[in-house]
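# Remarks on the overall topology
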Amino acid sequence: MIYMKRRELLTTAMSVFAASTFPAGNGFAADFQAVGSQGEKVALNEAAIADLQKHNKGGVILPTSADYETARKIWNGSFNNRHPALIVRCADNNDVISAVQFARRHNLLTAVRCGGHSYSGQSTCDGGLVIDLGPYNTTVVDPGKKIARVDGGSMLRSLDRASEKYGLATTAGYVSHTGVGGLTTGGGQGRLQRKFGLSIDNLLSVDVVTADGKLLHADANENPDLFWAVRGGGGNFGIVTMFEFQLHELSPIVTSFNYTYAMADAVDVFKFYFDFNDQASDDMVAGAGMRRGAEGAPTVSISGTFIGSQKEAEAQLAPLAKFSKKPINARVGEARYADLQAGADNENAAGREFYSRYAFFNHVDPKLPEALVKTFMRGDGPPARTSMSIGSQGGVSGRIPENATAYAHRDAPYQLSTSADWIEKSEGQGLMKFCRESHAALLPYSDGGFYINQTTDEGEKQIRDNYRGNYERLVDAKTKYDPTNFFHLNANIRPRKA
Ligand SMILES: Cc1cc2nc3c(=O)[nH]c(=O)nc-3n(C[C@H](O)[C@H](O)[C@H](O)COP(=O)(O)OP(=O)(O)OC[C@H]3O[C@@H](n4cnc5c(N)ncnc54)[C@H](O)[C@@H]3O)c2cc1C
């Protein structure tokens, strides 16, 4: 029943942009309406689309195309009611340049997509143009120089797998179908961040198509302001078509662990976790979280990865084995690093609706463990499909100066993510309320900031405050490289007015 209603809604939304202007099975009409950068109506005609197609190798997808329904969807199902007027798939730099030029010429609302994992749906839009880098997705590794050149539309699995062949790796996120493009431009947290820094800390250079349709190379010497800004400033400055990463030797075998406890022990588990993690070496990345799944009671767990064999991990895991609380379930085992990176892919499959709020902690208040548990368990307890997870930063990523890249909050050793996902639309409001209220209750313990890659509904002031001392420098770069704010579907940094 709900499915039917949703379909009806989608059909209605489609009709706004397309139905009267796209004759069935006929490609496109002489004129059709799209949406401009400020929400105004823009008329596109057949000749303009034909010209775009002439310059494009990746494929131009229109609402009448057979693959439109698949192509328009992103990871977070909450935004799959959006219907772009056209999706320009890009296979190389020329495709990206011509897509940007087309969008500029027609003043179109424009979204940029790599892996489509934007929590807040920024990689799609209603009635505008999506520049989809999906087909531009090869990773080439130079094992001698220990360098990976990764195309701007690649998923993390491309980087992980290509590097693994040579016993090499660099920091990438925990789910291998996440895009290198969004993850890296926002920072890039992952299993290797304490050992090698964030993904951006391993970037050597980038190629960027800027808002004027030019291709620029940026590194420490060439366009250094652009290179600085794309390392944490998100998609504000242009479309990165090539990321050059420093790789590191990595034993293919690492050790993962998970200890799950009853909720009655949760406060002690968090107290133990913060002590345990404060002592951990840079080879260890550990988190602690409470979760209530689709069924059953909530549980609390400590889990993580040690970069090395199980034997090497033993000394560091010893405190966990000796912890006074008895786990309901304990698992320690070796895995290939690249397999582990893909291990959570299915449970994080695209399509469900999702909401989360995020906070950094630059110190651990002694009352935090109790506050976490009290907040999660308030009232009748957490709704199904909710979680509250503490993750750790620190290590190399915490020792790099805050102004070395645009990424702020390096001084925060811990971060909190409060999340929910759902299938039935009717559940969304209640679950989002649970996340928002949980976040508000714990905000006093945090430094007030959030991870830019987990932006949900934060406003302009929050984004400005979040970049702290790096903000004005980001505005300088935005004003220089995107003075009209063409790239604004992101955690937006506004250019100065001319
Ligand atoms: C299941 C899941 C797991 C995650 N795990 C992690 C994790 O372990 N570590 C972590 O740090 N983050 C993680 N994230 C957050 C993730 O980093 C962000 O959602 C990120 O924006 C996703 O990048 P994408 O390319 O897949 O997304 P998209 O939705 O395609 O892009 C998001 C935004 O990034 C920008 N962008 C994308 N590609 C480019 C490019 N080539 N050049 C310039 N700008 C670009 C655009 O502004 C775009 O709106 C996770 C997200 C999900 C959904």
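As a further point, take the site of the ligand. Around the ligand, a shell composed of 33 residues is seen, among which Cys114, Gly116, Ser123, Tyr174 and Tyr451 lie nearest. Contact distances for the ligand include 2.7 Å between an oxygen atom and a backbone N or O atom of glycine 116. Take serine 123: an N or O atom from its side chain is 2.6 Å from an oxygen atom of the ligand. Taking 950 Å² as the accessible area of the ligand by itself, protein coverage stands at 94%. Breaking the shell around the ligand down by element, the ones donating at least two residues are strand 5 (110-113), helix 6 (180-186) and strand 12 (239-246).

Looking now at the packing of aromatic side chains. Taken as a whole, this structure holds 15 aromatic pairs when the rule is applied. Aromatic side chains phenylalanine 272 and phenylalanine 276 sit 5.7 Å apart centroid to centroid with 15° between the ring planes, which places their arrangement in the stacked category. A residue pair is termed a helical-turn pair when its members lie 3 or 4 positions apart in one helix, as phenylalanine 272 and phenylalanine 276 do in helix 9 (residues 266-279) at 4 residues. A single burial state applies to phenylalanine 272 and to phenylalanine 276, both of which are buried. For the pair phenylalanine 376 and phenylalanine 434, a centre-to-centre distance of 6.1 Å together with 70° between the ring planes defines the contact as edge-to-face. With phenylalanine 376 in helix 12 (residues 368-376) and phenylalanine 434 in helix 14 (residues 428-442), this pair connects stretches of sequence that are 58 residues apart. Comparing phenylalanine 376 with phenylalanine 434, the two get one shared label, buried. Here the basic side chain of arginine 231 rests over the ring of phenylalanine 227, its NZ or CZ set 3.8 Å away from the ring centre. A cation over an aromatic ring shows up here: arginine 473 above the ring of tryptophan 228, its NZ or CZ 4.0 Å from the ring centre.

Now for the domain arrangement of the chain. Assigned domains within the chain: domain 1 (2-132), domain 2 (139-250) and domain 3 (253-454). The partner domain 2 presents 17 residues to the 12 residues of domain 1 that form the contact. Contact between domain 1 and domain 2 buries roughly 1000 Å² in total, counting both sides, with carbon and sulfur atoms accounting for 69%. Summed over the shared surface of domain 1 and domain 2, the number is 0 salt bridges. Counting across the domain 1 and domain 2 interface gives 3 residue pairs in polar contact (both at pLDDT 80 or more). By residue number, the principal contributor to the side of domain 1 that touches domain 2 is helix 4 (residues 93-105), which donates 6 residues. Looking at side-chain class alone, the side of domain 1 that touches domain 2 contains 7 nonpolar, 4 polar and 1 charged residues.

Each value, and the rule that gives it
- Residues numbered from 1 in each chain as written.
- Predicted model: local features only at pLDDT ≥ 70, side-chain atom pairs only at ≥ 80, totals over all residues.
- Heavy atoms only, no water.
- Near = heavy atom within 4 Å.
- Polar contact = N/O pair within 3.5 Å; in protein donor to acceptor, adjacent residues only side chain to side chain.
- Areas by Shrake-Rupley, 256 points an atom, 1.4 Å probe, with all protein chains shown as cover.
- Helix = DSSP H or I, 4+ residues; strand = E, 2+ residues; numbered from the N terminus.
- Phe/Tyr/Trp six-rings, centres within 6.5 Å; stacked < 30°, edge-to-face > 60°.
- Buried < 20%, exposed > 50% of the residue type's maximum accessible area, 1.4 Å probe, protein only.
- Lys NZ or Arg CZ within 6 Å of the ring centre and 35° of its normal.
- Domains from an automatic or database assignment.
- Contact = heavy atoms within 4.5 Å.
- Buried area = accessible area lost by both parts, 1.4 Å probe.
- Salt bridge = Lys/Arg side-chain N within 4 Å of Asp/Glu carboxyl O.
- Nonpolar A, V, L, I, M, F, W, Y, C, P; charged D, E, K, R; others polar.

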